[in-house]
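If you want the building blocks of each chain, they are given just below.
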Amino acid sequence: AEIEAGPMAAEYHRWRSETDPAWPDGTETYDSAVARVQAFFADVRDLPGTTLAATHGSLARVLVTAVVLGIAPGLHRRMWLDHCHCVIVALDEPQPRLVALNVAARNIGV
């Protein structure tokens, strides 16, 4: 509420834009975040068993929109992910597959 009422309200709304975000100094662009997720998937794809990764909700939602669903990463803002909930992704070839979204960790044995 303070940001939306303050002198940087316009910049804040532009940063939160789904279609034309502005990137303030020190923030990570969608391209950089998507590249980071893709590099992580490449690193763990051939590991045996299940890999558990902990991250911020925004990055998890960017992962789902851009990497798994192949849609604009700005649309991650329309997806809800509760605190301490999970996204489950199968690293299928050639495209990762969304298995579950917004699952409480206690429900998957984590």
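Below: a short report on this structure. Only a predicted model underlies this, so the values are computations on that prediction, with no experimental measurement involved.

Moving on to the nonpolar core. Ranked by size, the top nonpolar core spans 13 residues in total, and within it Val-34, Val-37, Phe-41, Val-62, Leu-63 and Val-67 carry the most contacts. Among the secondary structure elements, those contributing two or more residues to this core are helix H3 (30-44) and helix H4 (57-68). Take this core: its biggest share by element is seven residues, from H4. Excluding anything up to four places from it in sequence, Phe-41 contacts Leu-63, Val-67, Val-89, Leu-91 and Pro-96.

On to the pattern of salt bridges, then. Per the stated rule, a full pass over the model turns up three salt bridges. Close ionic contact of Arg-36 with Glu-28 constitutes a salt bridge, the shortest N to O distance being 2.7 Å. Judged by its relative accessible area of 44%, Arg-36 is partly exposed. Arg-97 is the partner of Asp-92 in a salt bridge, and the nearest nitrogen-oxygen pair spans 2.5 Å. Exposure remark for Arg-97: the relative accessible area of 43% places this residue in the partly exposed category.

About the thresholds
- Residues numbered from 1 in each chain as written.
- Predicted model: local features only at pLDDT ≥ 70, side-chain atom pairs only at ≥ 80, totals over all residues.
- Heavy atoms only, no water.
- Core = buried A, V, L, I, M, F, W, Y, C linked by side-chain atoms within 4.5 Å.
- Buried < 20%, exposed > 50% of the residue type's maximum accessible area, 1.4 Å probe, protein only.
- Helix = DSSP H or I, 4+ residues; strand = E, 2+ residues; numbered from the N terminus.
- Contact = heavy atoms within 4.5 Å.
- Salt bridge = Lys/Arg side-chain N within 4 Å of Asp/Glu carboxyl O.

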